[in-house]
Each structure stands twice: as C-alpha cells, then as structure tokens.
Number of protein chains: 2
Amino acid sequence: MLFFTQCFGAVLDLIHLRFQHYKAKRVFSAAGQLVCVVNPTHSLKYAPTRCAAAQASTEQGILPPCHHHEAVHDPQLVPCTCPLFSCPWEGHLEVVVSHLRQTHRINILQGAEIVFLATDMHLPAPTDWIIMHSCLGHQFLLVLRKQEKYEGHPQFFATMMLIGTPTQANNFTYRLELNRNQRRLKWEATPRSILECVDSVISDGDCLVLNTSLAQLFSDNGSLAIGIVITTSKVHSSEAEM
Amino acid sequence: MLFFTQCFGAVLDLIHLRFQHYKAKRVFSAAGQLVCVVNPTHSLKYAPTRCAAAQASTEQGILPPCHHHEAVHDPQLVPCTCPLFSCPWEGHLEVVVSHLRQTHRINILQGAEIVFLATDMHLPAPTDWIIMHSCLGHQFLLVLRKQEKYEGHPQFFATMMLIGTPTQANNFTYRLELNRNQRRLKWEATPRSILECVDSVISDGDCLVLNTSLAQLFSDNGSLAIGIVITTSKVHSSEAEM
C-alpha cells in the first residue's frame, strides 16, 4: 500500500514539474531557450553570516574577506562558495564546481541563454534558489535569495557570480530579465567573482532587487521565470550606447 | 551691495546648472538625446495621502477613487493630478496640462527620447522630481519620488502616467533606463492613466523601485540620469519576444 502511495506521489510530482516546465516553455519558447526548474532551499546558515564573521576577522587583521577558516596557508585555496551552508571545505578554484555539484547537489546547465524558473516564491525568508550555468568556457553561479533586510518586508535579490577570479569576471556581462503582465525589468552588470562573497553583494544591494509586490506581478502561479544571457564584454561602451 | 550679492548668486546658479547639463550631455550625447535637469520639490502633502483619504471615502460609498473633493457632479471633471500639493482645482482632462504648467510650474519637454536628470538625490524623503513629457501627440507625467516605505529606509520610485484615459494609456509603452558604472537597469511598462492615483501606483510598488545603494551606484555627484523612451504598443507581444 505504502509503495503505491509513494508511486502516486512521484507521478503527481512529475506531472507538476512537467506542467511548470510546459508553462515556462510557453512563455520562452519563441527564443528556443532552455528552461530549468529550480526548487528552493531553506538556508541553514545566516546567523551570523559567513561574511559578517569574515569581515569582523578582517577588521582584526586575521583573514582576507570571506575566508571563514582558521588560517589559509595556501593563497590559491578558496573556501566553499556554496551560499547555503557553512561548509568547512576548501580547495583550488578548478575544483569548486565539482565540489558544489557533488557535495551540495547544485545542478549545472549548458547554454548561453537559459531560463531560470524559481518555484514556490511564497516560502518564507530566508530561502535560496541556486543553479550553476556553464557557457563561454566558464561556470557561473546564479543565486536568487529571498531575505528580510527590513523586518517583516522580504525582498528578492538575484545575482550572478563567476566561478573564477575577479580579472576573469571582468570579461563578461550578464543580463537577468523578467517579463510578464506587460512589464519588463532588465538588470545588466559584470558578474562578481566567487572569491568575493555572495552575501556581501546581496547586502550591498548591488544586484537585481525585487520587492514582494513586483515579484508577484512577474510570477506565474508562484513561480518566477528569469531569463539569463551571458556575453563577453569586449569594450564596455554601454554608457555611450544608451 | 544686496543687488551684487544676488547677481553673484544667480551667476553661481547658472554655472552650476550649466555644469550639470554638460555632465549629462557628456553621458548621453551619443544618442543626441535632450537632457532636462529636474530639481527636487519637498512634498507638502502625504499625511494622509489623498488616495488613502479617497479610498476611505470610496469604501463608504461616497466618491470614486482619488477624487478627494466633496462631490463630483460632472463625471468628466477630474481633480488636480499634481502629486505635490493637495490642490482643490478640478477641470476637464484637456486642461490638466495647462493647470499643471501654470499653477504648479511643472516644465514640459518635447521629444520621444529624453534624459531626466534628477538633482540632489541626497535630500531627505519625502521628495519628488516631476516633469511633463510631450510626445506622440500626448502628454505624460514623469514622477520620481523618494519615500520611506519602511521607516529609516528611503527608496526611490519612478513611474510615468499618461494625461489621458486608461484606454488611451494602453496604446503606449514607456521605458526608464539607468546606465552607469557598468550596470544597467531597465523598466518597461504600460503607462498608467493620470485618472488612477500616482500615490497608489507607488505604494503598490508597480514601478521602477531603487533602494538607496543602487541609486548611489547609478548617480553621479548626487544626480540621477534616467533615460526615457515612449513608444506606441501596437500588439503586446513582449512576452514572446524575450
């Protein structure tokens, strides 16, 4: 009996995912973009955030920002960059992707243009939606976070980080686009390096910021579709283009 | 002596305006857009807002939304739509523009693409930057407002209203664009009719919303340049275009 109940549950889940995928495809199919359904993860850290702890240590002259370990002897070693957990792992930049995939089970998608479909936007803060995105020979980490910067007023923050150095990150431009209900919101910026802390990018507000009412206007049945495009930024002539 | 002091003050003001205009032109000159320097106005209303008062009256079945007058006998008469003052004026839609120009001294600019340069962004909330924009045979009202939705955390809200009916407003699309420091933020939507209340559009958050840190990233020496484009929206195929 339990087996049948579980089977039925699994079938229902599949139908639900299929339906969400179909809905997203309906919206974005014109561009032939890859749609990826991303489920939320209730964050297990945040008190205090790794960055706050790291920053405090930095002020005391102990560690460079965002290195929350006791001592980093090898400057080429980086701590785990997963924004979800306070993970003690550290390793070289080249193996961060495999660590995130294997230990934290973060999916990786291929393609220059994808659609990130975050489900269950109604879940209480703090919640994260995370995916890795592989294109132009590099891997990027997309983080959508629901967080209460002002108590009782949750906001959504979306940013893209390059799993690479800040110098490498300067070669790219990412664009996040929301499009629904005759409204369109686009955020375009240079990705930050994963060596900088995602928490501080979000607390600085240097990312796409949505209040709850705007997020509701852009979401469809509790899911928010974010179109993502990554390009190489040869010469940053954007200020003159406008 | 007083005369000379005043003359000197006027010359300094002119130099300051000229400098701001020059700076804005430097950024936007590539597109040959018209730059308009808009000075802030400290709002004299807000407690309670006209909309809140009107909404309360509506709930009691007295008046239609945003009509704060005692009784509107002629349904073609609209109240003054100036977001700055609780003005007792009312008249036909066709004369709203001349009322706003003459009584409230709101400037009007011509052209499909203009740059709205809001100065003195550091001034405390509530503050408004307002201009009228004439293009495609219609007049629009652009409102940038600094307001504290959450106490101690001022935010900037920008929206465009058509000085016309909601049906007329549906024929247009407006775009607000911020572009600086290798970041770009675009908001695109159908303008709301001036018959709807600008206060409620802003309190619903159905507009371009900027927190203080983002506003600082986009502003240059205390001035925020917003590029404005208005187009006619024939068929709203934006959702498929993405």
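Residues numbered from 1 in each chain as written. Chains lettered and ligands numbered in written order. Predicted model: local features only at pLDDT ≥ 70, side-chain atom pairs only at ≥ 80, totals over all residues. Heavy atoms only, no water.

Under an unreviewed UniProt entry, chain A has the name E3 ubiquitin-protein ligase and belongs to Vidua chalybeata. In its Catalytic activity (unreviewed entry) section, the UniProt entry covering chain A states "S-ubiquitinyl-[E2 ubiquitin-conjugating enzyme]-L-cysteine + [acceptor protein]-L-lysine = [E2 ubiquitin-conjugating enzyme]-L-cysteine + N(6)-ubiquitinyl-[acceptor protein]-L-lysine." (UniProt positions renumbered as here; feature names shortened; annotations may be inferred.)

Honestly, unusual backbone geometry in this entry has me stumped. Any pointers?
Residues other than glycine predominantly adopt negative phi, and peptide bonds predominantly adopt the trans conformation. Here the residue pair Ala 125 of chain A and Pro 126 of chain A is connected by a cis peptide bond, since its omega of -5° sits within 30 degrees of zero. As for its position among the elements, Pro 126 of chain A is in the loop between β6 (113–118) and β7 (127–135). One non-glycine residue, Leu 136 of chain B, lies in the positive phi region at around 55°. Following the sequence through the fold, Leu 136 of chain B ends up in the loop between β7 (127–135) and β8 (138–150). Despite not being glycine, Asn 181 of chain B has its phi angle at roughly 55°, a positive value. Among the structural elements, Asn 181 of chain B can be located in the loop between β10 (172–180) and β11 (183–189). Residue Asn 181 of chain B is classed as partly exposed on the basis of its relative accessible area of 32%. (Helix = DSSP H or I, 4+ residues; strand = E, 2+ residues; numbered from the N terminus. Buried < 20%, exposed > 50% of the residue type's maximum accessible area, 1.4 Å probe, protein only.)

I would appreciate a short explanation of the UniProt feature "domain: Seven-in-absentia protein TRAF-like" (unreviewed entry) in chain A in the present structure.
Those places that UniProt annotates as "domain: Seven-in-absentia protein TRAF-like" (unreviewed entry) correspond, in this numbering, to residues 134–228 of chain A. Helix makes up 19% of residues 134–228 of chain A and strand makes up 58%, while its end C-alpha atoms are separated by 12 Å.

Explain the side chain of Lys 186 of chain B here, please?
Topologically, Lys 186 of chain B is positioned in strand β11. With residues up to four places along the chain from it excluded, the contact list for Lys 186 of chain B reads Arg 184, Leu 185 and Lys 186 of chain A together with Arg 175, Leu 176 and Glu 177 of chain B. (Contact = heavy atoms within 4.5 Å.)

Could you clarify how one ought to interpret the environment of Trp 129 of chain A in this entry?
Residue position: Trp 129 of chain A is located in strand β7. In this structure the side chain of Trp 129 of chain A is engaged in a polar contact, spanning 2.7 Å, whose partner is the backbone oxygen of Thr 119 of chain A. (Polar contact = N/O pair within 3.5 Å; in protein donor to acceptor, adjacent residues only side chain to side chain.)

Would you explain the pairing of strand β11 (residues 183–189) of chain A in this entry?
Regular strands place their side chains on alternate faces of the sheet. Extensive coverage of β11 of chain A is indicated by the burial of 6 of its 7 residues. Both strand β10 (residues 172–180) of chain A and β11 of chain A contribute to a ladder of 7 bridges, which runs antiparallel. Each residue of the ladder has a partner; that of Leu 176 of chain A, found in β11 of chain A, is Trp 187 of chain A. In textbook terms, the turn of a hairpin is the stretch between consecutive antiparallel strands, and for β10 of chain A and β11 of chain A this stretch comprises 2 residues, one of which, Asn 181 of chain A, has a positive phi near 55°. Note: β11 of chain A against β11 of chain B, 7 bridges, orientation antiparallel. Bridge pairing in β11 of chain B places Glu 188 of chain A opposite Arg 184 of chain B. (Pairing = 2+ DSSP bridges.)

Sorry, what's going on with the pattern of salt bridges here?
Pairing between side chains of opposite charge can happen when the charged atoms of each approach one another. Scanning the model with the defined rule gives 17 salt bridges over all chains in all. Across the salt bridge formed by Arg 192 of chain A and Asp 206 of chain A, the nearest N and O atoms sit 2.6 Å from each other. One end of the pair, Arg 192 of chain A, is in strand β12 (residues 192–193); the other, Asp 206 of chain A, is in the loop between α5 (198–204) and β13 (208–211), and 14 residues separate them in sequence. Side by side, Arg 192 of chain A and Asp 206 of chain A carry an identical accessibility label, which is buried. Residue Glu 177 of chain B pairs with Arg 184 of chain B through a salt bridge whose shortest N-O separation is 3.6 Å. Note on accessibility: Glu 177 of chain B and Arg 184 of chain B belong to one class, buried. Put simply, Arg 175, Glu 177, Arg 184 and Lys 186 of chain A are held in one network by salt bridges that share partners. (Salt bridge = Lys/Arg side-chain N within 4 Å of Asp/Glu carboxyl O.)

Just to check I follow, could you spell out the pairing of strand β8 (residues 138–150) of chain A for this structure?
All names here are of chain A. Examined bridge by bridge, β7 and β8 share 9 bridges and lie antiparallel to one another. When the sheet's bridge partners are listed, Asp 128 is paired in β8 with Arg 145. The sheet contact formed by β8 and strand β9 (residues 153–162) spans 10 bridges and is antiparallel. Bridged to Lys 146 within β9 is Phe 156. The loop that links β8 with its antiparallel partner β9 comprises 2 residues; one of these, Gly 152, has a positive phi angle of about 85°.

Explanation requested: the nonpolar core in the structure shown.
Generally speaking, soluble globular proteins have nonpolar side chains that are buried together. Among the nonpolar cores identified, the biggest contains 111 residues, and Phe 116 and Leu 144 of chain A together with Phe 116 and Leu 144 of chain B are the most heavily contacted of them. The residues touching Leu 144 of chain A, leaving out its near neighbours within four places in the chain, are Phe 116, Ala 118, Met 121, Thr 127, Asp 128, Trp 129, Phe 156, Phe 157, Ala 158, Leu 224 and Ile 226 of chain A. Grouped together as the second largest cluster of nonpolar side chains are 5 residues, Val 35, Val 37, Leu 117 and Ala 225 of chain B included. (Core = buried A, V, L, I, M, F, W, Y, C linked by side-chain atoms within 4.5 Å.)

Which parts of the structure should I look at to understand the packing of aromatic side chains?
Aromatic ring pairs: the centre-centre distance and the angle between the two ring planes describe each pair. Residues and elements named next belong to chain B. Summed over the entire model, instances satisfying the criterion amount to 7 aromatic pairs over all chains. Relative to Phe 156, the ring of Trp 129 lies with its centre 6.3 Å away and its plane at 45°, an arrangement referred to as tilted. Placement of Trp 129 in strand β7 and of Phe 156 in strand β9 (residues 153–162) is noted, with a sequence separation of 27 residues between them. Owing to a relative accessible area of 0%, Trp 129 belongs among the buried residues under this scheme. By relative accessible area, Phe 156 is classed as buried at 3%. (Phe/Tyr/Trp six-rings, centres within 6.5 Å; stacked < 30°, edge-to-face > 60°.)

What's the story with the environment of Asn 179 of chain A in this structure? I'm lost.
For Asn 179 of chain A, the location among the structural elements is in strand β10. Once the C-alpha coordinates of Asn 179 of chain A and Thr 167 of chain A are considered, the two residues, 12 residues apart in sequence, prove to be 32 Å apart.

Explain the environment of His 133 of chain B to me, please; I cannot follow it from the model alone.
Residue and element names in this part refer to chain B. Structurally, the position occupied by His 133 is in strand β7. Its relative accessible area of 0% is what places His 133 among the buried residues. Note: C-alpha distance between His 133 and Ile 163 (30 residues apart in sequence) is 9.9 Å. Look past the residues within four positions of His 133 in its chain and what remains in contact with it is Ile 108, Leu 109, Gly 111, Ala 112, Ile 114, His 138, Gln 139, Phe 140, Met 160, Ile 228 and Ile 230. At 2.4 Å, the side chain of His 133 forms a polar contact with the backbone oxygen of Gly 111.

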